[in-house]
Amino acid sequence: TVCIWDAVTGTLIRRLEEHTDAVQSVAFSHDSRQIVSGSNDKTVCIWDAVTGTLIKRLEGHTDYVPSVAFSHDSRQIVSGSWDETVCIWDAVTGTLINGLQGHTSSAQSVAFSHDSRQIVSGSWDGTVCIWDVVTGTLINGLQGHTSPVVSVAFSHDGRQIVSGSYDETVCIWDAVTGTLIKRLEGHTNWVQSVAFSHDSRQIVSGSNDKTVCIWDAVTGTLIKRLNLEGHTNWVQSVAFSHDSQYIISTSRGHTLCWNTNTWDSVSPSSPTYSSQGPSLKSHNNILTLKQQWIYHADLNQQLLYLHVPWAKIYLFMQQDAYIVLGTHDGDIFILDFSPLLQAYFPGESL
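Reading guide: rules and limits
Residues numbered from 1 in each chain as written. Predicted model: local features only at pLDDT ≥ 70, side-chain atom pairs only at ≥ 80, totals over all residues. Heavy atoms only, no water. Pairing = 2+ DSSP bridges. Helix = DSSP H or I, 4+ residues; strand = E, 2+ residues; numbered from the N terminus. Axes fitted to C-alpha atoms, helices over the stretch in contact; angles between N-to-C directions. 1 Å grid on protein atoms, 1.4 Å probe; cavity = no way out; pocket = protein on both sides within 12 Å on 5 of 7 lines; lining within 4 Å. Points joined across faces, edges and corners; volume = space filled by probe spheres on them. Nonpolar A, V, L, I, M, F, W, Y, C, P; charged D, E, K, R; others polar.

### Let's talk about the pairing of strand β10 (residues 96-101)
Part 1 of the argument: As judged from the five bridges shared by strand β9 (residues 85-90) and β10, these two strands associate in the antiparallel manner. Paired with Thr85 across the two strands is Gln101, which belongs to β10.
Part 2 of the argument: In this antiparallel pair of consecutive strands, β9 and β10, the connection spans five residues, and Gly94 shows a positive phi of 80°.

### Focus on the sheet that holds strand β6 (residues 54-59)
The pairing of strands in a sheet comes from backbone hydrogen bonds and takes either a parallel or an antiparallel form.
Part 1 of the argument: With antiparallel pairing, the four strands of this open sheet are ordered in space as β3-β4-β5-β6. In the strand order of this sheet, the two ends are held by β3 (23-28) and β6, each with one partner. When strand polarity is set aside, the average angle formed by the axes of neighbouring strands in this sheet is 15°.
Part 2 of the argument: Relative to β6, strand β5 (residues 43-48) runs antiparallel, the two sharing five bridges. Directly across from Thr43, in β6, lies its bridge partner Glu59.

### Digging into the layout of surface pockets
Part 1 of the argument: The calculated volume of the second largest pocket comes to roughly 170 Å³.
Part 2 of the argument: Looking at the lining of the second largest pocket, its residues break down into one nonpolar, five polar and four charged.

See below:
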């Protein structure tokens, strides 16, 4: 099911019962108008981010769908599946444009390049594949990992690709030639998630060793390892804020927000309440999850208690004033925080 809640009162607005199994992946469109979700029920769903209405159900995969993404122009969706295929869909009509075949095991992670002309996929077969979006042609098959590749991403400038693997390494590739540029070694367990900063200068990685590592994308040098008073469980997802001033890392039921200038965790442990706060123009609206509370990091403010057992929360994603939660029960929760944020910052644009 998909549940939409009033972020101020916590009231359930509507329940959309569509997915019938666990939700593995969610992503916002770049215009923030839609959400796409991939599920173990073998379907991809497109939702209206404001109303929560199911716009399209995309059927074509024959196994779990662990990864979905929108193209930067929001016109197409890519999905990776345990059926070993990568599918490109028309985000408006829901039509299957192309089914890309080349992996010999699960396509575990997929991403578009910033210009929406290429797709990168990582697989349990240990390879990274680069595809032409228009023709569906395999441009390059990158080999260098010795275990499953579970996370891939393009740099914002489209020149590089980063991949994270169960071989405990992070690899940086030339997106044009397919050459392995750097192999980053430092994690002591599976690397679950990787991401570039918006300026393409840094890479963040999260691992089952319970640490978050920040790397120099040019030299491959380890800049910082975050683990002191941090995560106590596997780190499943990492991401930079758009201005690269913050890093969000998520483990089972626990999300931390890190300041990249001080390397302090700004996820509050003892929330305080204030009627005033900084202007929206002078801070980032970073919302974090700790246990069953959603906090505003800059305000050190407790915003909303979730009536969902925190141990069941699998995904936590933010786009502007919206939060998407995915649970192991197959639920998606879409929360619109804009009314609450406007209450704190009247007259400011979200």
